[in-house]
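Read off the chains here:
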Amino acid sequence: MTVTALIVAAGKGLRAGGEVPKQYQHVGGVMLLRHAVLRLQAHGGVDTIRVVINPADRDLYDAAVAGLALAAPIAGGDTRQASARAGLEALAADPPDLVLVHDAARAFVPDAVLDALLAALGDPANDGAVPALAVTDSLRRGTDHYDAAVDRDGLWRVQTPQAFRYPALVAAHRAAAAGATDELAIAMAAGLRVAITPGDERAFKVTEPADFAKATAMVTPALTSR
Ligand code: CTP
Ligand code: MG
């Protein structure tokens, strides 16, 4: 089985603020995108890593992956969905068996999350597998006062990488309407069977400025010295 990881890194990181998009900000002295690449390279199950970027950020990208021997980056689009689609289309000429679509902003995915995804796809009945954490806080609806309870039973906080059989995912993307926030939404709309595998708090997405401090606590010196 050939496994390609597609890291979507073409966003502007507006909520995180800063001089450059969040994936190019330094965490423990290393750009967030580089942490993401190193994590996936360290896992033996990923054969190829491709990164989808905003071509305007090419210099930042080159700095982020210096010395890591990656194939050329792929130009992304105006939405995450468009960026992922562009990445998937770029793989079509030499398609992998499995593709893992991953947010650059989730740079600290533990090996166990990847192990579980690949194991789930060992079952031919699954078209895909997506890591998630069960919701543990109470959920309530309301505007300025609470007005409804929401049953959290069976609700999940969905993470990435999201793993799929490549042909199934690219077909689902080609058929998808705009507005999907992740591959899972696109796969579900296409009727694919997607297993729930264990997520991990360490796979959190850097989104707000305060998340950089949290990310700094995740840095593994042995990995980032490469
Ligand atoms: N992404 C992308 N192309 C886009 C938008 C987002 O590749 N046009 C990527 C981001 O780089 C990020 C991932 O999708 O790794 C998740 O998106 P998000 O956390 O929303 O990042 P941004 O869109 O960059 O941030 P913001 O929404 O705060 O502007
Ligand atoms: Mg966004």
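Each remark here, short or long, concerns the structure printed above.
Along every chain, residues carry numbers that run from 1 in the direction the sequence is written. Following the order in which they are written, the chains are lettered starting with A and the ligands numbered starting with 1. Given that this is a predicted model, residues contribute local features only at a pLDDT of at least 70 and side-chain atom pairs are listed and counted only at 80 or more, while totals for whole chains, interfaces and linings are drawn from all residues. Working from all heavy atoms in the structure, the side-chain values ignore hydrogens and water.

S.K.: Any chance you could explain the packing of helix 3 (residues 80–90) against helix 5 (residues 166–175) here in plain terms?
M.R.: When two helices pack together, you describe them by how their axes are tilted relative to each other and by the distance separating the axes. Here helix 3 crosses helix 5 at 135°, and the two axes come no closer than 10 Å. One finds that helix 3 runs oblique with respect to helix 5. The way helix 3 lies across helix 5 gives a crossing that is left-handed. Together, Gln81, Ala84, Arg85, Leu88 and Glu89 of helix 3 and Tyr166, Leu169, Val170, His173 and Arg174 of helix 5 make up the contact between the two elements. Just so you know the grouping, Ala, Val, Leu, Ile, Met, Phe, Trp, Tyr, Cys and Pro go in nonpolar, Asp, Glu, Lys and Arg go in charged, and all remaining residues, Gly too, go in polar. The class makeup of the residues in the contact of helix 3 with helix 5 is five nonpolar, two polar and three charged. Every axis corresponds to a line fitted to the C-alpha atoms, with the helix fit spanning only the stretch in contact, and the corresponding angles, defined between N-to-C directions, vary from 0 to 180 degrees. Strands here mean DSSP runs of E at least two residues long; helices mean DSSP runs of H or I at least four residues long; both are numbered from the N terminus. Roughly parallel covers angles under 35 degrees, roughly antiparallel covers those over 145, roughly perpendicular covers 65 to 115, and oblique covers all other angles. Left-handed describes a crossing whose near helix is turned anticlockwise from the far helix through less than a right angle; right-handed describes the clockwise counterpart. For this analysis, residues touch if any pair of their heavy atoms sits within 4.5 Å.

S.K.: Even after reading the chapter, I still don't get the pairing of strand 7 (residues 128–134), so can you show me in this structure?
M.R.: Remark: a regular strand shows side chains that alternate across the two faces of the sheet. Taken across its seven residues, strand 7 has six buried, putting it largely inside the fold. Here strand 7 pairs with strand 12 (residues 194–198) via five bridges, running parallel. Counted as the bridge partner of Pro131 is Thr197 from strand 12. Following DSSP output, two strands are said to pair if at least two bridges run between them. Bridging between strand 7 and strand 10 (residues 156–158) involves three bridges; their strand directions are antiparallel. Of the residues in strand 10, the one forming a bridge with Ala134 is Trp156. Exposure is judged per residue with a 1.4 Å probe applied to protein chains only, and the accessible area is read against the type maximum: over 50% gives exposed, under 20% gives buried, and values in between give partly exposed.

S.K.: Any chance you could explain the pattern of salt bridges here in plain terms?
M.R.: Oppositely charged side chains can pair when the atoms bearing their charge come close. Throughout this description, the term salt bridge denotes a Lys or Arg side-chain nitrogen within 4 Å of a carboxyl oxygen of Asp or Glu. Tallying each qualifying case throughout the model produces nine salt bridges. Taking the shortest distance from any N to any O, the salt bridge between Arg58 and Asp62 comes out at 3.0 Å. Note that Arg58 and Asp62 are positioned in helix 2 (residues 58–64) at a spacing of four residues, about one turn of the helix. According to the relative accessible area criterion, Asp62 is partly exposed, its value standing at 34%. In this structure, Asp103 and Arg106 form a salt bridge, with 3.1 Å as the shortest nitrogen-oxygen distance.

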